[in-house]
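# Close look at the chain arrangement
In case you want the letters, here they are:
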Amino acid sequence: MKHLINDKFSYYCNMALDNKDFEKLYNQYSILVYNLALNYLQNIEDAEEITQDVFIQIYNSLGKFQEKSSLKTWIYRITINKCLDFIKHKNSKKRFFIFGKKSQNELEILNVTNFEHPGVLLENKEKAKVLFEIINQLSENQKTAFLLSKVDGLSNPEIAEIMNLSISSVESLVFRAKSTLKEKISNKFEEHRKNNY
């Protein structure tokens, strides 16, 4: 990941090579951005693309950063918004493929949900794929709160600041996400059991 992202980053930001602060910021936060994008999208190439887009936006917007929140919170927000926009764009492409004219990039559209997560062991890949499929069915806010809480390990106050919500709202989102996941996983297990007996 790092080699590919650094190549793209260097290509776009040649003008920033003397900007040590930006280079330091990239080195400090690129892994965080990449991992969050990967957890949202479950696809290595998509996560790399989002990481590049996030740092291009950070580079272009750094002068406008007003420090109303921490730099880390600001970067989380940019990454989440980029991921949500990316998902909406891909979903609209899939709907167009189903209801409209077939694209010349048919294979690309059919493969948008390919599950590639290097943090998942091979023997756990099928279980993880099912889990992330269910996570992807959550509402945007539930998915965001759940990933930040249970995957990124952030506290409810940190998540509340990132999402611009109250702590009680975050607690409610995480609780509802966990309840939904538990119910859907249970249904999947029951369906699997019936199909195999």
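Residues numbered from 1 in each chain as written. Predicted model: local features only at pLDDT ≥ 70, side-chain atom pairs only at ≥ 80, totals over all residues. Heavy atoms only, no water.

Bringing the overall build of the chain into the picture now. Broken down by element type, the chain carries nine helices and zero strands. Listed by position from the N terminus, the elements making up the chain come as α-α-α-α-α-α-α-α-α. Expressed as a percentage of the 197 residues in the chain, the buried residues total 36%. Taking all contacts inside the chain whose residues are at least 6 apart in sequence as the whole, residues at least 24 apart take part in 63%. As presented, the chain carries roughly 12300 Å² of accessible surface, and 51% of it is formed by carbon and sulfur atoms. (Helix = DSSP H or I, 4+ residues; strand = E, 2+ residues; numbered from the N terminus. Buried < 20%, exposed > 50% of the residue type's maximum accessible area, 1.4 Å probe, protein only. Contact = heavy atoms within 4.5 Å. Areas by Shrake-Rupley, 256 points an atom, 1.4 Å probe, with all protein chains shown as cover.)

A few words now on helix α8 (residues 156-163). Of all the residues in α8, the buried ones are Ile159, Ala160, Ile162 and Met163. Buried residues along α8 cover an arc of 165° about the axis, so they all sit on one side. Following α8 by one or two positions, Asn164 has its phi on the positive side, about 55°. (Arc of directions from axis to C-beta.)

Here the focus is the confidence of the model for the chain. On average, residues of the chain score 78 in pLDDT, and 69% of them reach the 70 mark or higher. Mean pLDDT across the elements of the chain bottoms out in helix α5 (residues 106-110) (37) and peaks in α8 (96). Low confidence marks residues 14-18, where pLDDT is under 50. Its contacts with residues over four positions away, or in another chain, come to four contacts. Confidence over residues 96-113 falls short of pLDDT 50; this stretch has 15 contacts with residues more than four positions distant or in other chains. (pLDDT = per-residue confidence, 0-100.)

Where helix α2 (residues 20-41) meets helix α3 (residues 44-61), the axes come as close as 8 Å, and the angle between the chain directions of the two elements is 140°. Between α2 and α3, the angle is such that the two are oblique. For the pair α2 and α3, the sense of crossing is right-handed. Of the residues in α3, those touching α2 at Phe22, Leu25, Tyr26, Tyr29, Ser30, Val33, Tyr34, Ala37, Leu38 and Leu41 are Ile44, Asp46, Ala47, Glu48, Ile50, Thr51, Val54, Phe55, Ile58 and Tyr59. Taken together, the residues of the contact of α2 with α3 sort by class into 16 nonpolar, two polar and two charged. (Axes fitted to C-alpha atoms, helices over the stretch in contact; angles between N-to-C directions. Parallel < 35°, antiparallel > 145°, perpendicular 65-115°, else oblique. Left-handed = near helix turned anticlockwise from the far one by under 90°. Nonpolar A, V, L, I, M, F, W, Y, C, P; charged D, E, K, R; others polar.)

On to the pattern of salt bridges, then. Counted according to the given criterion, the structure contains two salt bridges. Residue Lys90 pairs with Asp46 through a salt bridge whose shortest N-O separation is 3.2 Å. On the criterion of sequence distance, the pair formed by Lys90 in helix α4 (residues 71-99) and Asp46 in helix α3 is long-range, its members being 44 residues apart. Note on Lys90: relative accessible area 14%, which makes it buried. Of the charged contacts in the structure, one is a salt bridge between Lys88 and Glu140, with a shortest N-O distance of 3.5 Å. Here Lys88, found in helix α4, pairs with Glu140, found in helix α7 (residues 140-151); they are 52 residues apart in sequence, far enough to count as distant. On the basis of relative accessibility, which here comes to 44%, the residue Lys88 falls in the partly exposed class. (Salt bridge = Lys/Arg side-chain N within 4 Å of Asp/Glu carboxyl O.)

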